[in-house]
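Chain by chain, the residues:
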Amino acid sequence: MEYYLVKWKGWPDSTNTWEPLQNLKCPLLLQQFSHDKDVYLSQVKKGHAVTLKNNNKALNPAVAEYIVKKAKQRLALQRWQDELNRRKTHKGMIVVENTVDLEGPPPDFYYINEYKPAPGISLVNEATFGCSCTDCFFEKCCPAEAGVLFAYNKNQQIRIPPGTPIYECNSRCQCGPDCPNRIVQKGTQYSLCIFRTSNGCGWGVKTLVKIKRMSFVMEYVGEVITSEEAERRGQLYDNKGITYLFDLDYESDEFTVDAARYGNVSHFVNHSCDPNLQVFNVFIDNLDTRLPRIALFSTRTINAGEELTFDYQMKGSGDISSDSIDYSPAKKRVRTVCRCGAVTCRGYLN
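Residues numbered from 1 in each chain as written. Predicted model: local features only at pLDDT ≥ 70, side-chain atom pairs only at ≥ 80, totals over all residues. Heavy atoms only, no water.

(A) Local environment of the sheet that holds strand β7 (residues 192-196). Sheet architecture is open: three strands sit in the order β3-β7-β8, paired in mixed fashion. Here the strands that pair on one side only, and so sit at the sheet edges, are β3 (94-97) and β8 (203-207). The mean angle between the axes of side-by-side strands here comes to 25 degrees, regardless of whether they run parallel or antiparallel. Note: β3 against β7, four bridges, orientation parallel. Residue Val95 lies in a different strand from β7, and its bridge partner there is Cys193. (Pairing = 2+ DSSP bridges. Helix = DSSP H or I, 4+ residues; strand = E, 2+ residues; numbered from the N terminus. Axes fitted to C-alpha atoms, helices over the stretch in contact; angles between N-to-C directions.)

Here it is, written out as structure tokens:
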């Protein structure tokens, strides 16, 4: 008869007991147990783990250790997923998935929904004027007052070229929440999955639903710091081989968004030389052109299960610059090999 060592929920390890299969009423846990064991044994056959040398009927200690670590990881990721969904303010759900390795939640990452100004930086999130339109799509609305085109069509898809700023209606506008010029401010509408990639790129983000082309997907948020502080942090990040610094260089280069410790789902979006997301500068309540919000829109239809990516060298103007790292919104001062796998891959992230 087979016996299973059971860890009872809410009780210390000292109360663990050996139970026969007939006493276990947890089909999902048994399924996960069997799956984790098969995964480990398949890794052994591929030479990715130690060779098992155990001829008795007891579960090999190496297998048992892996299964326990995997179970603890699964619980940790579930707790992190619950925390992310408690903190988010947007409609779409966040799912966390790791079927690749034993990596758990990032230890020093804090989820935020909007910019977090560093000490000494003031973000004025109150517009000084707003529109009085009854139908913003047909009248002279906020974009026209700013001297730019209305950003969206009737299907809520972006219709302006990259490099053109988006001016949405703000808190002083008399239009309601259903205004066609309130898209980015409503947050991510799609359910997304933070997942562990199998190509060595760490965590990534994939969509769980189909996304139409030219649709708003998410904002890039983080800690707003000065460019001087960004230079200092960049030198420290070089030792880790990666950073999350995004220059706010729409008109000037005074501020940078650092999403290393504070950020949202965009923190986990990987680079691609052939991306499916495009960067746009957005102004809503804060009309300071030094501090645009950064929105990511789909460049094409993105199917459910497909990874989301943007080009780390893509500027808010829509241009690509490989001449100087100073023009890259996501600064990477060391030459980092690109693993995007695109046909047009440039070989490096910078």
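That covers the picture; the talk isn't over yet.
(B) Seen up close, the sheet that holds strand β16 (residues 293-298). Pairing is mixed in the open sheet, where four strands are placed in the order β6-β15-β16-β9. This sheet does not close on itself; its edge strands, each paired only once, are β6 (166-167) and β9 (216-220). Strand direction decides the pairing type here: β6 and strand β15 (residues 277-283), joined by two bridges, are parallel. Each bridged residue has a counterpart across the sheet, and for Tyr167 the counterpart in β15 is Phe283.

(C) Up close: the nonpolar core. By size, the foremost hydrophobic cluster in this structure holds 50 residues, and its most contacted members are Leu308 and Phe310. Structurally, this core is a two-domain feature, drawing no fewer than three residues from each of domain 1 (19-86) and domain 2 (93-310). If we skip the residues at most four places from it in the chain, Phe310 touches Tyr220, Phe246, Val269, Asn270, His271, Ser272, Pro275, Leu277, Val279 and Leu296. In terms of nonpolar packing, the next biggest core, distinct from the first, is built from 24 residues, Tyr152, Ile158, Ile183 and Phe280 among them. (Core = buried A, V, L, I, M, F, W, Y, C linked by side-chain atoms within 4.5 Å. Buried < 20%, exposed > 50% of the residue type's maximum accessible area, 1.4 Å probe, protein only. Domains from an automatic or database assignment. Contact = heavy atoms within 4.5 Å.)

(D) Looking closely at unusual backbone geometry. One non-glycine residue with positive phi stands out, namely Gln156, at about 65 degrees. Within the element layout of this structure, Gln156 appears in the loop between α3 (142-145) and β6. On the basis of relative accessible area, Gln156 is assigned to the partly exposed category, the value being 47%. A positive phi angle, near 65 degrees, is found at Met214, a position not held by glycine.

(E) Spatial organisation of the packing of aromatic side chains. The full count for this structure, using the stated rule, is 17 aromatic pairs. With a centroid separation of 5.5 Å and 75 degrees between ring planes, the pair formed by Tyr4 and Phe33 is classed as edge-to-face. Here Tyr4 is found in strand β1 (residues 3-6), whereas its partner Phe33 is found in helix α1 (residues 27-45), with 29 residues between them in sequence. Note on Phe310 and Tyr312: the rings are 5.1 Å apart at their centroids and 55 degrees apart in plane angle, and the pair reads as tilted. Exposure remark for Phe310: the relative accessible area of 1% places this residue in the buried category. Put simply, the rings of Trp80, Phe109, Trp203 and Phe268 pair up and form one aromatic cluster. Positioned above the aromatic ring of Trp203 is the side chain of Arg196, whose terminal nitrogen or guanidinium carbon lies 5.2 Å from the ring centre. Lys206 extends its terminal NZ or CZ atom over the ring of Phe195, reaching a point 5.1 Å from the ring centre. (Phe/Tyr/Trp six-rings, centres within 6.5 Å; stacked < 30°, edge-to-face > 60°. Lys NZ or Arg CZ within 6 Å of the ring centre and 35° of its normal.)

(F) The arrangement of the side chain of His267 in detail. Assignment of secondary structure puts His267 in the loop between β13 (262-263) and β14 (270-271). In terms of polar contacts, His267 uses its side chain to reach the backbone carbonyl oxygen of Ala259, at 2.6 Å. Ignoring sequence-local partners within four residues, the contact set of His267 consists of Phe109, Tyr244, Ala259 and Ala260. (Polar contact = N/O pair within 3.5 Å; in protein donor to acceptor, adjacent residues only side chain to side chain.)

(G) Molecular detail of helix α2 (residues 61-87). Taking 1.5 Å per residue, 27 residues should reach 39 Å; α2 reaches 39 Å between its end C-alpha atoms and fits that length. Those residues of α2 that sit buried are Ala62, Val63, Tyr66, Ile67, Lys70, Gln73, Ala76, Leu77, Trp80, Gln81, Leu84 and Asn85. With a side-chain oxygen lying 2.8 Å from the backbone nitrogen of Ala62, the N-terminal cap of α2 falls on Asn60. (Expected span 1.5 Å × (residues − 1).)

(H) Broad picture of helix α4 (residues 227-238). Helix length check: α4, at 12 residues, gives a terminal C-alpha distance of 16 Å against a target of 16 Å (1.5 Å per residue), a fit within 8%. Of the residues making up α4, those classed as buried are Ser227, Ala230, Arg233, Gly234, Tyr237 and Asp238. Along the long axis of α4, the arc covered by the buried residues comes to 140 degrees, so they all point the same way. (Arc of directions from axis to C-beta.)

(I) Fine view of the confidence of the model for the protein chain. Model confidence for the protein chain is summarised by a mean pLDDT of 88, while 89% of its residues fall at 70 or above. In the predicted structure, residues 316-333 sits below a pLDDT of 50 and forms 54 contacts with residues beyond four places in sequence or in another chain. (pLDDT = per-residue confidence, 0-100.)

(J) Looking closely at the pattern of salt bridges. Scanning the entire structure with this criterion turns up 16 salt bridges. With its nearest N and O atoms 3.1 Å apart, the salt bridge here joins Glu83 to Arg87. Taken together, the residues Glu83 and Arg87, both in helix α2 and four residues apart, mark about one turn of the helix. With its nearest N and O atoms 2.6 Å apart, the salt bridge here joins Glu306 to Arg300. (Salt bridge = Lys/Arg side-chain N within 4 Å of Asp/Glu carboxyl O.)

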